[in-house]
Amino acid sequence: MDALITSLVQANFAPERIIPRASMARYTTFRVGGEADVLVNIASPAEIPVALRAARHAGVPVTLIGNGSNLLVRDGGIRGLVIRIAGECAAIRREGDCIIAQAGASMSSIAQFALSEGLDGLAEIAGIPGTIGGGVIMNAGAYGSELSNVVTRVCAVSEIDGKPVIFEGPDLDFSYRHSALMDAHVIVTEVTMQLTPGDPQAIRTRMNELAQARRDKQPLNFPSAGSTFKRPQGLFAAKLIDDCGLRGLRVGDAQVSEKHTGFVINTGSATASDILTLIEEIRQRVYAANGVTLEPEIRIIGEDKKS
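Residues numbered from 1 in each chain as written. Predicted model: local features only at pLDDT ≥ 70, side-chain atom pairs only at ≥ 80, totals over all residues. Heavy atoms only, no water.

Caption draft 1: Region of the structure containing the overall build of the protein chain. Scanning the protein chain for helices and strands turns up 7 helices and 18 strands. Here the protein chain has a C-alpha radius of gyration of 20 Å; the compact-globule value for 307 residues is 19 Å, and the two agree. Projected onto its principal axes, the C-alpha coordinates of the protein chain cover approximately 60 × 55 × 30 Å. Counting the 307 residues in the protein chain, one finds 50% classified as buried. Here the analysis covers contacts within the protein chain between residues at least 6 apart in sequence; of these, 65% occur between residues at least 24 apart. Here the protein chain has roughly 13900 Å² of accessible surface; of this, 49% comes from carbon and sulfur atoms. (Helix = DSSP H or I, 4+ residues; strand = E, 2+ residues; numbered from the N terminus. Rg over C-alpha atoms; globule rule 2.2 N^0.38 Å. Buried < 20%, exposed > 50% of the residue type's maximum accessible area, 1.4 Å probe, protein only. Contact = heavy atoms within 4.5 Å. Areas by Shrake-Rupley, 256 points an atom, 1.4 Å probe, with all protein chains shown as cover.)

Spelled out as structure tokens, the structure:
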């Protein structure tokens, strides 16, 4: 990976933002995963095409991540370059009744900004632990609301040539946990959300109520990637899992949460292999009992560990 690191340095990336052999356990909320050959932290949208060119020059593949909150990296890690858009690439601004956020802005920080501006429409996403870039790709949602309700425009760059791409309204083709961005080979740089003026106190009350509901019902004190499975049409994954008697089921330190069976959690030193084995066991047993195939909501990437 020396050629890749050299390319990034020549492209004026600060050395402290270039991380060779980056442990992906540090960059995912599951706290598991092998090493990425090289990870670079992006500080502005303009750096994304620069990083893509560096990877092409070095002849290595590229993987994109945000803050790793909906991500499981296999134990063998990730080859090539990981471009991480989180933290620094997170500016938020208001234009009229719209909020415009860079891809690395967390959904919680965007919701708090909207609250401070007296704009309503984001209370339900305030507790989703992800960036807006990753959230809009999968049409993240909670408590009956989805980003598709408010997102009107997405700016991106092509993974192929680094050129700007803009998606407007219907181009986004939103559906449950899906958008056209998933298959477009683009990297999201900025998201525009159309909100409505509201009463700040009422918005704050709603956000506090939902935050309390999460604390009461979800295993927030354990590493996880949030809801493990998508909701089957007309059903609830957690109920199907619970009805199969799988509450508390373990593989190593991976466990079906006893607090909320829709979550697989890391109770200590789980490996990605433990988590994947447990996910497959859940899927097989739910299918055997109900004929329903659970589809993972989490993104699973990387390579298996070589024996």
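Back to the text.
Caption draft 2: Fine view of the side chain of Asp37. Position of Asp37 relative to the elements: it lies in strand β2 (residues 35-41). Using a relative accessible area of 18% as the deciding quantity, one classes Asp37 as buried. Among the polar contacts listed, one links the side chain of Asp37 to the side chain of Arg79, at a separation of 3.1 Å. Polar side-chain contacts of Asp37 include one of 2.8 Å to the backbone nitrogen of Gly80. Those residues in contact with Asp37 that lie beyond four places of it in its chain are Met1, Ile19, Pro20, Arg21, Ile78, Arg79 and Gly80. (Polar contact = N/O pair within 3.5 Å; in protein donor to acceptor, adjacent residues only side chain to side chain.)

Caption draft 3: How the structure looks around the sheet that holds strand β12 (residues 164-168). Strands sit in the order β6-β7-β13-β11-β12 across an open sheet of 5 strands; the sheet is antiparallel. Each of the sheet's edge strands pairs with one partner strand only, and the pair in question is β6 (92-95) and β12. Put simply, the sheet's adjacent strands are angled 20° from each other on average, direction ignored. Of the pairings in the sheet, the one linking strand β11 (residues 151-158) to strand β13 (residues 186-194) comprises 7 bridges and is antiparallel in character. Residue pairing in the sheet places Ala156 in a bridge with Val188 of β13. Relative to the sheet, helix α2 (residues 47-58) contacts β11 and β13, its axis offset from that of β13 by approximately 165°. (Pairing = 2+ DSSP bridges. Axes fitted to C-alpha atoms, helices over the stretch in contact; angles between N-to-C directions.)

Caption draft 4: Fine view of the packing of helix α1 (residues 2-10) against α2. Interhelical geometry of α1 versus α2 gives an angle of 145° and a closest axis separation of 9 Å. Both α1 and α2 take part in a crossing whose hand is right-handed. Contacts between α1 and α2 involve Ala3, Leu4, Ser7 and Leu8 from the former and Ala51, Ala54, Ala55, His57 and Ala58 from the latter. In terms of residue class, the contact of α1 with α2 is made up of 7 nonpolar, 2 polar and no charged. (Left-handed = near helix turned anticlockwise from the far one by under 90°. Nonpolar A, V, L, I, M, F, W, Y, C, P; charged D, E, K, R; others polar.)

Caption draft 5: Just unusual backbone geometry, in detail. Of note, Asn12 is a non-glycine position whose phi angle comes to about 75°, a positive value. You can see Asn12 is positioned in the loop between α1 and β1 (18-23). The exposed category is assigned to Asn12, whose relative accessible area is 68%. Even without a glycine there, the phi angle at Arg177 is positive, about 50°. Note on placement: Arg177 falls in the loop between β12 and β13. For Arg177, a relative accessible area of 9% corresponds to the buried category.

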